[in-house]
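Chain residues, written in single-letter form:
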Amino acid sequence: MVAPILAGVAVAAAAYASKYGIEAWQAFKARPPRPKFRKFYEGGFQAAMTRREAALILGVRESVAAEKVKEAHRRVMVANHPDAGGSHYLASKINEAKDMMLGKSKSSGFPF
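These numbers come from a predicted model, not from an experiment. (Residues numbered from 1 in each chain as written. Predicted model: local features only at pLDDT ≥ 70, side-chain atom pairs only at ≥ 80, totals over all residues. Heavy atoms only, no water.)

K.L.:
Help me understand the packing of helix H2 (residues 51-58) against helix H4 (residues 88-102) in this model?
P.N.:
When two helices pack together, their arrangement is given by the angle between the helix axes and by the axis-to-axis distance. Contact geometry for H2 and H4: axes closest at 9 Å, N-to-C directions at 125°. Accordingly, the angle class assigned to the pair H2 and H4 is oblique. By crossing handedness, the relation of H2 to H4 is classed as left-handed. Each of Arg51, Ala54, Ala55, Ile57 and Leu58 in H2 lies in contact with H4, whose residues at this interface are Lys93, Ile94, Ala97, Lys98, Met100 and Met101. In terms of residue class, the contact of H2 with H4 is made up of eight nonpolar, no polar and three charged. (Axes fitted to C-alpha atoms, helices over the stretch in contact; angles between N-to-C directions. Helix = DSSP H or I, 4+ residues; strand = E, 2+ residues; numbered from the N terminus. Parallel < 35°, antiparallel > 145°, perpendicular 65-115°, else oblique. Left-handed = near helix turned anticlockwise from the far one by under 90°. Contact = heavy atoms within 4.5 Å. Nonpolar A, V, L, I, M, F, W, Y, C, P; charged D, E, K, R; others polar.)

K.L.:
Just to check I follow, could you spell out the pattern of salt bridges for this structure?
P.N.:
Side chains bearing opposite charge may pair, as long as their charged atoms lie close to each other. One pass over the structure, following the stated rule, counts one salt bridge. Of the charged contacts in the structure, one is a salt bridge between Lys93 and Glu96, with a shortest N-O distance of 3.6 Å. Pair noted here: Lys93 and Glu96 are both in helix H4, with a separation of three residues, about one helical turn. Of the residues examined, Lys93 reaches a relative accessible area of 7% and is grouped as buried. The class of Glu96 is partly exposed, set by a relative accessible area of 29%. (Salt bridge = Lys/Arg side-chain N within 4 Å of Asp/Glu carboxyl O. Buried < 20%, exposed > 50% of the residue type's maximum accessible area, 1.4 Å probe, protein only.)

K.L.:
Would you take a moment to explain a nonpolar patch on the surface for this structure?
P.N.:
Together, Met1, Val2 and Leu6 line one region of the surface with nonpolar side chains, adding up to about 400 Å² of accessible area. Mapped onto the secondary structure, Met1 falls in the segment before helix H1 (2-30). (Patch = residues over 30% accessible without salt bridge, like charges linked within 9 Å, V, L, I, M, F, W, Y side chains within 5 Å. Areas by Shrake-Rupley, 256 points an atom, 1.4 Å probe, with all protein chains shown as cover.)

K.L.:
Which parts of the structure should I look at to understand helix H3 (residues 66-80)?
P.N.:
Along an α-helix, residues three or four apart share an orientation, since each turn contains 3.6 residues. Across its 15 residues, H3 extends 21 Å between first and last C-alpha, which sits within 8% of the 21 Å expected from 1.5 Å per residue. Along H3, the residues that are buried comprise Val69, Ala72, His73, Val76 and Met77. Across the axial projection of H3, the buried residues extend over an arc of 130°, all falling on one side. Exposed side of H3, more than 90 degrees from the buried face: Glu67, Arg74, Arg75, Val78 and Ala79 are the residues found there. Check the buried side of H3 and you find it contacts H2 and H4. (Expected span 1.5 Å × (residues − 1). Arc of directions from axis to C-beta.)

K.L.:
Explanation requested: the packing of aromatic side chains in the structure shown.
P.N.:
Both the distance between ring centres and the angle between the ring planes are used here to describe each pair of aromatic rings. Applying the stated criterion across every chain, the model contains two aromatic pairs. When the ring of Phe45 is compared with that of Tyr89, the centres are 5.6 Å apart and the planes differ by 70°; the resulting orientation is edge-to-face. Pair noted here: Phe45 is in the loop between H1 and H2 and Tyr89 is in helix H4, with a separation of 44 residues, a long-range link. Using a relative accessible area of 34% as the deciding quantity, one classes Phe45 as partly exposed. (Phe/Tyr/Trp six-rings, centres within 6.5 Å; stacked < 30°, edge-to-face > 60°.)

Any functional reading would require information that these geometric values do not contain.
Take a look at the structure:
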């Protein structure tokens, strides 16, 4: 007499667990997609390069050692060098960022 009651309770528990499992899966699938990589700075270049912008371009902190700046510059330039199909404008901005971070910045009117 107890066995059929226990079987009914087990079936009911399994049904409720399945229902909540399906609802949780649908909520998981319906959530907005998250980027798997870090989010990059969205925006153009400023008229005059600042130390903050230079750090964003090179992907380092504003207060970083010169060695780290040189490593970051090398890494970014390999990916954006004009000889490898990169943009001359971006390469000049990367070089300007390195100069700014190393304290060699010159304020010229040169557009590139």
